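Chains, contacts and geometry: an overview
Residues per chain, in single letters:
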Amino acid sequence: MINEKVSLSVAGSSATLSTFFLENWDTIDPKRKRPVVLVVPGGGYHFCSEREAEPIALRMVAEGFQACVLNYSVAPARFPQSLLELVSAVAYLRFHAEEFNIDPDRIVLCGFSAGGHLCASLGTMWNEPWLVDKTGMPANRFKPNGMILGYPVITSGEFAHRGSFDNLVGADDPELVERLSLERRVTADTVPTFLWHTFEDQSVPVENSLLFASALRRAGVHFEMHIFPYGPHGLALANDETTTVGEDAYNQPLAECWPGLAAEWIRALPRQE
């Protein structure tokens, strides 16, 4: 396995990409190209959660995928710093696809909570002219091929997680906060999406996923969604691997199937033109 920590070339950034890349075996399939899952942990744009980082990547490696984790900038950094870092990470993976045995048409984002908002920002905005101008790259270089959103922050409206938007934007730009309500940014060009959430989530209400799914449906974008009945915000793998000591509520047998469901969804993704 290739384990490296790569510094991303974004001005004023200390963001890194930690890789978990399987090497090919000459005796099995030396030319194998694998999908890559780019894990983007949550943390309210205040920190990057360790529970939603390496354990998720290793679970995706167990499914036969390449995986990596983006450790992105958080407050006091403001929008679009972290989005530019995610753009750089996707472009890096596509540029080095041959070197790391990656299928360049199977780059899938996997974000949790505020990390889900970051992924969905790119998944909805990848072809907007301002982002192309800001990065100096053609949009097809950093377009993801799909995204997995776990209990994502989506809306800045009634069901918002206010802390995430305060950390991302600050308290003095309500117009930008409204622009970053991502159920309003969905178009027919938004990438296919796998959503999962719990009914009991009190921090980021399930309406965030429901609003996004409804917008995807209206735009004609394929999605898969699972709403599990039990469990608080931040389940990660929903099993012992990511259950904090003394917090048994993070161990949810009904929800721990999500990585397998997401893996099957990745394998079934249609080729995009």
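The paragraphs below set out a description of the structure included in this document. (Residues numbered from 1 in each chain as written. Predicted model: local features only at pLDDT ≥ 70, side-chain atom pairs only at ≥ 80, totals over all residues. Heavy atoms only, no water.)

Section: the overall build of the protein
Keep this limit in mind: Secondary structure counts use DSSP, requiring at least four H or I residues in a row for a helix and at least two E residues in a row for a strand, with both numbered from the N terminus. Using C-alpha atoms as the atom set, the radius of gyration is obtained and then compared with a globule rule of 2.2 Å times the number of residues to the power 0.38. Each residue's exposure class comes from its accessible area (1.4 Å probe, protein chains only) as a fraction of the maximum for that residue type: buried when under 20%, exposed when over 50%, partly exposed otherwise. Any two residues whose heavy atoms approach within 4.5 Å are treated as being in contact. Only the protein chains shown count as cover for residues, and the accessible areas themselves come from Shrake-Rupley with a 1.4 Å probe. A positive count includes Lys and Arg, and a negative count includes Asp and Glu. His and the chain ends are not counted in either. A charge is said to be at NZ when it belongs to Lys, at CZ for Arg, at CG for Asp and at CD for Glu.
A count of helical and extended segments in the protein gives 8 helices and 8 strands. In terms of overall size, the protein behaves like a compact globule, its C-alpha atoms giving a radius of gyration of 17 Å where 273 residues would be expected to give roughly 19 Å. Counting all 273 residues of the protein, 58% fall into the buried class. Of the contacts made within the protein by residues no fewer than 6 positions apart, 73% connect residues no fewer than 24 positions apart. Accessible surface, the protein: about 12000 Å² in total, of which carbon and sulfur atoms supply 51%. Distance between charge centroids for the protein: 7 Å, based on 21 positive and 34 negative side chains.

Considering empty space enclosed by the protein
Formally: Points on a 1 Å grid over protein atoms alone make up a cavity when a 1.4 Å probe fits among them but cannot get out, and a pocket when they form an open set with protein on both sides within 12 Å along at least five of seven lines; lining residues each have an atom within 4 Å of a point. Grid points are joined across faces, edges and corners, and a volume is the space filled by probe spheres set on the points.
If you walk through the whole model with that rule in mind, you get 1 cavity of 30 Å³ or more. Surrounding the largest cavity, Tyr45, Ser73, Val74, Ala75, Ala77, Ser82, Asn167 and Leu168 form its lining.

Focus on the side chain of Glu52
Defined as follows: A pair is scored as a salt bridge if a Lys or Arg side-chain nitrogen falls within 4 Å of a carboxyl oxygen belonging to Asp or Glu.
Note on placement: Glu52 falls in the loop between strand E3 (34-40) and helix H1 (54-62). Despite its burial, Glu52 pairs with no opposite charge, the nearest such side chain being Arg51 at 4.5 Å. Leaving out residues up to four positions away in the same chain, Glu52 has contacts with Val39, Pro41, Gly42, Phe112, Tyr151, Gly234 and Ala236.

Brief notes about unusual backbone geometry
Of note, the bond from Ala75 into Pro76 is cis; its omega dihedral lies within 30 degrees of zero at 20°. Along the chain, Pro76 turns up in the loop between strand E4 (66-71) and helix H2 (81-95). In this structure, Pro80 follows Phe79 across a cis peptide bond, with omega equal to 10°. Of note, Pro80 is situated in the loop between E4 and H2. In this structure, Tyr151 is a non-glycine residue whose phi angle is positive, near 35°. Structurally, Tyr151 can be placed in the loop between strand E6 (146-150) and helix H5 (162-169). Accessibility expressed as a relative area gives 1% for Tyr151, which makes it buried. Even without glycine at this site, Ala236 takes up a positive phi of about 55°.

Re helix H3 (residues 114-125)
Keep this limit in mind: Helices are assigned an expected span. That span is 1.5 Å times one less than the residue count.
Between its first and last C-alpha atoms H3 spans 16 Å; for 12 residues at 1.5 Å apiece the expected length is 16 Å, and the two agree. In terms of burial, H3 is a largely internal element, 12 of the 12 residues being buried. Within H3 the residues assigned to the buried category are Ala114, Gly115, Gly116, His117, Leu118, Cys119, Ala120, Ser121, Leu122, Gly123, Thr124 and Met125.

A few points about the packing of H2 against H3
We apply this condition: Only the stretch in contact is used when a helix axis is fitted, and all axes are lines through C-alpha atoms; the angle between N-to-C directions ranges over 0 to 180 degrees. Note that the term roughly parallel is reserved for angles under 35 degrees, roughly antiparallel for angles over 145, roughly perpendicular for angles of 65 to 115, and oblique for everything else. As a working rule, the residues Ala, Val, Leu, Ile, Met, Phe, Trp, Tyr, Cys and Pro are called nonpolar, Asp, Glu, Lys and Arg charged, and the rest polar, with Gly in that last group.
In the contact formed by H2 and H3, the axes pass within 10 Å of each other and the chain directions differ by 70°. Compared by their axis directions, H2 and H3 come out roughly perpendicular. Contact with H2, carried on its side by Ser82, Leu83, Leu86, Val87 and Val90, involves Leu118, Cys119, Ser121, Leu122 and Met125 of H3 and no other residues of that element. Broken down by class, the residue content of the contact of H2 with H3 amounts to 8 nonpolar, 2 polar and no charged.

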